[in-house]
Amino acid sequence: MTPQLSTTLSTSPVTAVGLGPMGLAIAETLLTRDHPLTVWNRTPAKAEGLVSRGARLAATVADAVAASPVTVVCVNDYDTLYEILAPAADALRGRTLVNLNSGTPEEARAAARWAAERGVDYLDGAIMVPPPLVGDPGAVFLYSGPQDLFERHRATLASLGDPRHLGPDAGLAVLYNTALLEMMYATMNGYLHANALVGSAGVTAVDFAELALGWFMPTVVVNPSLAQSAPDLDAGNYPGDLGTLAMNIQALEHIVRTSKEQGVHADQPRLMLDIARRAMADGHGQENYLAVHEVFKKPSPAE
Ligand SMILES: NC(=O)c1ccc[n+]([C@@H]2O[C@H](COP(=O)([O-])OP(=O)(O)OC[C@H]3O[C@@H](n4cnc5c(N)ncnc54)[C@H](OP(=O)(O)O)[C@@H]3O)[C@@H](O)[C@H]2O)c1
């Protein structure tokens, strides 16, 4: 993958559909970068802060889409994308849809076909950073779809971070996304399980952090910044305001389904999915991913 750095920014109008934690971060960033912004969300109350800063809350999705040449959608999955956009298909015709949901390559390709059948220009995308990093110049956003369409909107997409175009196959962005996320979950699980191991001898995550994070394994995901959440691990405190375990379970499901779609072994991600589902069944669904630590602290059911 060749980094494609953007130097020119645009302030063209954008419509943002979906105001969960990530959609809100996207909308707030677009406002900060001076894009005239129209928003729509199933729960309109989530737009209040944006409206007070100058965004327009559209009454319908069709109204929202008609306001801008580009609509960025960030909702939970592709089924929701179709459900939301079906009544707005006529308004979308001749405009560009940038879909930032997570999913599988086949789902992305199906969405590209859905858009083509309706005369809609389509880029599929995937976000590689958590909400607080959206807008950072180093925040990688992956895109796939027609190169010329990407180039046409590159300056707008650069408002969100560092846009990387991976190729014309619409499935590539989510394929890279799931591959990188699998590395993230496997690394994170290694860290959490290691905490459970030393924790079984009374060692705190705070004490373990110096060796585990400071020396042994500094990577993009498991790095010294995790030391800030070590007290939360010790306290069993996993606030889910920036992304829930339920959201991460969807991502793990995507990795399992993608592995099957791509014809590669699925046991490794399936095991991580099973473990995360156990944490969900134990009532941690609305907490953040680190709540998997609670599963690791107990013996596995088979032991
Ligand atoms: N949060 C992260 O750290 C992160 C990082 C990278 C990528 N992502 C991806 O970004 C996407 C959005 O994630 P998120 O964290 O913002 O939360 P999410 O829970 O995945 O999505 C929330 C959004 O989906 C909407 N939604 C859900 N079901 C709906 C339905 N049946 N009809 C209409 N709208 C519906 C919600 O509307 P309401 O507000 O009305 O509920 C809200 O706008 C996901 O695909 C996720 O994988 C998230």
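Residues numbered from 1 in each chain as written. Predicted model: local features only at pLDDT ≥ 70, side-chain atom pairs only at ≥ 80, totals over all residues. Heavy atoms only, no water.

> Break down the sheet that holds strand β1 (residues 14-17) for me, citing the residues and quoting the values.
Taken in spatial order, the 8 strands line up as β3-β2-β1-β4-β5-β6-β7-β8 in an open sheet, and their pairing is mixed. Looking along the sheet, the strands with just one partner apiece sit at the ends: β3 (56-57) and β8 (162-165). Of the pairings in the sheet, the one linking strand β6 (residues 121-127) to strand β7 (residues 140-144) comprises 4 bridges and is antiparallel in character. What sits directly across from I127, in β7, is F141. Helix-sheet contacts for helix α1 (residues 21-32) involve β1, β2 (37-40), β4 (70-73) and β6, and the interaxial angle to β2 is about 165 degrees. Its contacts with the sheet place helix α4 (residues 78-85) against β1, β2, β4, β5 (96-99) and β6, and it is angled at close to 150 degrees to β5. (Pairing = 2+ DSSP bridges. Helix = DSSP H or I, 4+ residues; strand = E, 2+ residues; numbered from the N terminus. Contact = heavy atoms within 4.5 Å. Axes fitted to C-alpha atoms, helices over the stretch in contact; angles between N-to-C directions.)

> Could you give me a rundown of the domain arrangement of the protein chain, with the residues and numbers involved?
Entries for the protein chain in the domain assignment read domain 1 (14-169) and domain 2 (175-296). Here the C-alpha centroids of domain 1 and domain 2 sit 28 Å apart. At the interface, 16 residues of domain 1 touch 13 residues of domain 2. Both sides of the domain 1 and domain 2 interface together cover about 1,200 Å² of buried area, and 61% of this is carbon and sulfur. If you sort the residues of domain 1 by the area they bury against domain 2, T104, P105 and M128 come out on top, with a joint share of 33%. The tally of links between domain 1 and domain 2 comes to 1 salt bridge. Seen at the junction of domain 1 and domain 2, the total is 4 residue pairs in polar contact (both at pLDDT 80 or more). Elements with a minimum of two residues in the side of domain 1 that touches domain 2: α6 (105-117) and β6. Of the residues in the side of domain 1 that touches domain 2, the class split is 9 nonpolar, 4 polar and 3 charged. (Domains from an automatic or database assignment. Buried area = accessible area lost by both parts, 1.4 Å probe. Salt bridge = Lys/Arg side-chain N within 4 Å of Asp/Glu carboxyl O. Polar contact = N/O pair within 3.5 Å; in protein donor to acceptor, adjacent residues only side chain to side chain. Nonpolar A, V, L, I, M, F, W, Y, C, P; charged D, E, K, R; others polar.)

> So what's going on with the packing of helix α8 (residues 172-199) against helix α12 (residues 267-284)? Residues and values would help.
Packing of α8 against α12 brings their axes to within 11 Å, and their N-to-C directions diverge by 60 degrees. By the angle between their axes, α8 is oblique relative to α12. Read as a crossing pair, α8 and α12 show a hand that is left-handed. Residues E182, Y185, A186 and N189 of α8 pack against Q268, P269 and M272 of α12. The class makeup of the residues in the contact of α8 with α12 is 4 nonpolar, 2 polar and 1 charged. (Parallel < 35°, antiparallel > 145°, perpendicular 65-115°, else oblique. Left-handed = near helix turned anticlockwise from the far one by under 90°.)

> Requested: an account of the pattern of salt bridges, with residues and values cited.
Enumeration over the complete set of coordinates arrives at 13 salt bridges. Residue D169 pairs with R109 through a salt bridge whose shortest N-O separation is 2.9 Å. With D169 in the loop between β8 and α8 and R109 in helix α6, this residue pair connects regions lying 60 residues apart in the sequence. D169 sits in the partly exposed class, given a relative accessible area of 29%. A salt bridge links E294 to K297; the shortest N-O distance between them is 3.1 Å. On the basis of relative accessible area, E294 is assigned to the buried category, the value being 17%. Linked by salt bridges that have partners in common, E106, R109 and D169 make up one network. (Buried < 20%, exposed > 50% of the residue type's maximum accessible area, 1.4 Å probe, protein only.)

> Break down the site of the ligand for me, with residues and values.
N41, R42, T43, K46 and S102 are the nearest of the 23 residues found near the ligand. Within the contact set of the ligand, an oxygen atom lies 2.9 Å away from a backbone nitrogen or oxygen of M22. One of the backbone N or O atoms of L242 is found 3.4 Å from a nitrogen atom in the ligand. When the free accessible area of the ligand is taken as 890 Å², the share hidden by the protein chains comes to 84%. Listed by contribution, the elements that provide at least two residues to the shell around the ligand are α1 and α4. (Near = heavy atom within 4 Å. Areas by Shrake-Rupley, 256 points an atom, 1.4 Å probe, with all protein chains shown as cover.)

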